[in-house]
Amino acid sequence: MKLSQYYLPTLREAPADARTEAHKWMLRSGMAREIGVGLFTLLPYGLELKEALEARLEKDFFKDGLKLSLSPLQPRALWEESGRWESYGGMYKVADRTNRQAALSPESEEAFLGLASGELKSYKQLPLFLYEKATRYKDVQKPAAGLADARAYFVIDGMRFDSDRDEAEAFFREEKRRAEHLLNDLGIDCRAVDTTDAVVYYALAEGYKDVLALDGKSAYMMEEAPIRYRLPEGEAPKEAEDVYTPDARTIKDLSDMLGIEPARCTKAVDLRVDGEPVFVFVPGDRELNQKKLEKYLGVSGDKIDMLDEETILELGTFPGFTGPVGLGEKARIIVDRAVTAMDNMVVGANKENYHTKNVNYGRDFEGEVADDLLDVAEGDVSPAGEPYTFREAFEVARIKKPSAAFSDAMNVGYLNDEGKEAPYISGGATWRTGALLSAVLENHRDENGPNFPLHLGPYDVAITVANGKKEEQMELAEKLYDALEEKGIATLLDDRNERAGVKFKDRDLLGIPLQLTVGKDAAENVVEFKRRAGDMEKLPAEDALQRIADALND
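Residues numbered from 1 in each chain as written. Predicted model: local features only at pLDDT ≥ 70, side-chain atom pairs only at ≥ 80, totals over all residues. Heavy atoms only, no water.

Peer 1: For this particular structure, what's the right way to read the sheet that holds strand 15 (residues 276-282)?
Peer 2: What holds strands together in a sheet is hydrogen bonding between their backbones, with the strands either parallel or antiparallel. The strand order across the open sheet built from five strands is 16-14-15-17-20, with neighbouring strands paired in mixed fashion. Looking along the sheet, the strands with just one partner apiece sit at the ends: strand 16 (304-306) and strand 20 (368-370). Going from strand to strand, the sheet's axes swing by 35° on average, the running direction of each strand aside. As paired elements, strand 15 and strand 17 (residues 332-336) share four bridges and run parallel to each other. By the bridge assignment, phenylalanine 281 is partnered in strand 17 with valine 335. (Pairing = 2+ DSSP bridges. Helix = DSSP H or I, 4+ residues; strand = E, 2+ residues; numbered from the N terminus. Axes fitted to C-alpha atoms, helices over the stretch in contact; angles between N-to-C directions.)

Below is the structure:
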């Protein structure tokens, strides 16, 4: 490709609202332009880079699949079958002129299974692995990280349909192996988070919304990281007694008033869960973790609300002074395990301006015990005893565990070898290719711009003509360009009528790994050869071509 026939609107400075390094270099290198909040147009170089990554994915990851194209606009009925029309957060919903409603697809399960239900009727047609390259749509809250959290985002999305659980599990393990090999080969610093329904790969980088808790071996979403809580020093049990604590409605107020460490002042959280009152008790120096509570209760967040003051009073306690003693007969009591091991706690006395001190679990009260309902904090250790470190990150790939859950929900399946109806066992993968592009930019850059390894981007060689008005420079550059193209080496020739300094700046912004400069020595058939960010060498043109071939064949 010749830059005189290309569109490459590079920027000398990054826009002020570009928060991440990937976002900054994507805009500066002329890869994309932001057309609205979380909405991007890919320009030629950005599109070529995305397509190069997609080609790599199709070759190395989806090579066993068959490509198709699903409709991004999907009828409401399809999403109602899965039960996600109302519950899926951030879905763009539209209606036609007759008010028939549809969704701009944020995920692929409904469309794949809707297709399979009418096509894959027998076990003899399974297994089958289908995939598509697509754009997905989601109303991301406050997107600010470029392509990593765009509202219209690019994916390669695949689903495999199995009848045999063991074969499905083997496919899942192979997908994980391929994903880890590919991410490692692309040089992306990432961690895998094992969730209930998938293994999710996150690229580590600063400036992103997601935060991982890392313990050396495992990675967790920060809001779901299990912890080993450090208990206050043990004490001999003392006799419980009520104490007057006027206006001590917060843990800090109570701790200061009684001269007791906050951890020993048990915190009550008064909730309504699916319409029923629930009181949760955690150590006073910690917050109740919403995600862990939802998992323990088996309900979604929209089923949990704070309990109103009137109900709290009707249950025989008082807002700000709720305690577990005597309350279990009137409502559901849930206690974090750390509370059960704490000596001589201070708890609310269930009456205004009073707390009870020297309370001990088992002797004074009981309740349901949850293993871990606490937020993770600096200094915490994992269940393995390793201290946590915290890193910002963003999702690049999701390898889905084999499951019949969606098939069961949508009541779709096939006839097995006994002639009986059976649900599909489905798994698969979603690669967020825009996020993968961001991960490449985060991991391969320096102070001058992207710095891609060989075979990663759309071009491996950049030829720069120092002075386009010099005939001998243009002739040699064209000769080198033709020779490289004939060998199948993707080359970008900067033959624009621009100053050499502008061309060199743009060349670095593109991150192309091998660079040739045709300058004042062109008449002697000599060029300058260098690796991006490396040292320059003067070489005869033929030797430079050989060096390029050797580098690409290593």
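Resuming the write-up.
Peer 1: I keep staring at the packing of aromatic side chains and nothing clicks. Help me out?
Peer 2: This structure, assessed with the given rule, holds 15 aromatic pairs. Measuring from ring centre to ring centre gives 5.8 Å for tryptophan 79 and tyrosine 88, while their planes differ by 80°; the resulting arrangement is edge-to-face. Each of the two residues, tryptophan 79 as well as tyrosine 88, counts as buried. Aromatic rings pair up to connect Phe61, Phe62, Phe129, Tyr131, Phe171 and Trp431 into one cluster. The residue whose ring lies beneath lysine 50 is phenylalanine 154, and the NZ or CZ to ring-centre distance is 4.7 Å. Taking the ring centre of tryptophan 85 as reference, the NZ or CZ of lysine 93 above it sits at 4.5 Å. (Phe/Tyr/Trp six-rings, centres within 6.5 Å; stacked < 30°, edge-to-face > 60°. Buried < 20%, exposed > 50% of the residue type's maximum accessible area, 1.4 Å probe, protein only. Lys NZ or Arg CZ within 6 Å of the ring centre and 35° of its normal.)

Peer 1: Help me out: how do you make sense of the nonpolar core in this one?
Peer 2: One broad rule of soluble globular proteins: the nonpolar side chains tend to lie buried together. If you look at the biggest cluster of nonpolar residues, it comprises 60 residues, and the most contacted ones within it are Tyr45, Ile188, Phe394, Val396 and Trp431. With six residues, helix 11 (residues 433-443) is the single largest residue contributor to this core. Look past the residues within four positions of tryptophan 431 in its chain and what remains in contact with it is Leu57, Phe61, Phe62, Phe154, Val155, Ile156, Ala179, Leu182, Leu183, Val396, Ala397 and Leu436. Val278, Phe279, Val299 and Ile312 belong to the second-largest nonpolar core, a separate cluster that totals 38 residues. (Core = buried A, V, L, I, M, F, W, Y, C linked by side-chain atoms within 4.5 Å. Contact = heavy atoms within 4.5 Å.)

Peer 1: Sorry if this is basic, but what is going on with the environment of glycine 187 here?
Peer 2: Counting through the fold element by element, glycine 187 comes out in the loop between helix 5 (165-185) and strand 9 (190-194). Considering only alpha carbons, one finds glycine 187 and alanine 236, 49 residues apart in sequence, at a separation of 55 Å. Setting aside chain neighbours within four positions, we find glycine 187 in contact with Asn443 and His444.

Peer 1: How do you make sense of helix 11 when you look at a structure like this?
Peer 2: What sets the pattern is the α-helix's 3.6 residues per turn: residues three or four places apart point alike. Across the 11 residues that make up helix 11, a large majority, 10, are buried. Every buried residue of helix 11 is accounted for by Thr433, Gly434, Ala435, Leu436, Leu437, Ser438, Ala439, Val440, Leu441 and Glu442.

Peer 1: I keep staring at the environment of proline 232 and nothing clicks. Help me out?
Peer 2: Among the structural elements, proline 232 can be located in the loop between strand 12 (219-221) and strand 13 (241-244). Ignoring sequence-local partners within four residues, the contact set of proline 232 consists of Glu261, Ala263, Arg264 and Met342.

Peer 1: Just checking my understanding: could you explain helix 2 (residues 44-60) for this structure?
Peer 2: Compared with an ideal rise of 1.5 Å per residue, which puts 17 residues at 24 Å, helix 2 spans 24 Å between its outermost C-alpha atoms and is within 8% of the ideal. Here helix 2 has its buried residues at Tyr45, Gly46, Leu49, Lys50, Leu53, Glu54, Arg56, Leu57 and Glu58. (Expected span 1.5 Å × (residues − 1).)

Peer 1: Explain the side chain of threonine 464 here, please?
Peer 2: As for its placement among the helices and strands, threonine 464 is situated in strand 27 (residues 461-465). Of note is the side chain of threonine 464, whose polar atom sits 3.2 Å from the side chain of arginine 507. Apart from residues lying up to four places away in sequence, threonine 464 is in contact with Asp494, Lys503, Phe504, Arg507, Leu516, Thr517 and Val518. (Polar contact = N/O pair within 3.5 Å; in protein donor to acceptor, adjacent residues only side chain to side chain.)

Interpretation in functional terms is not warranted from these geometric data alone.
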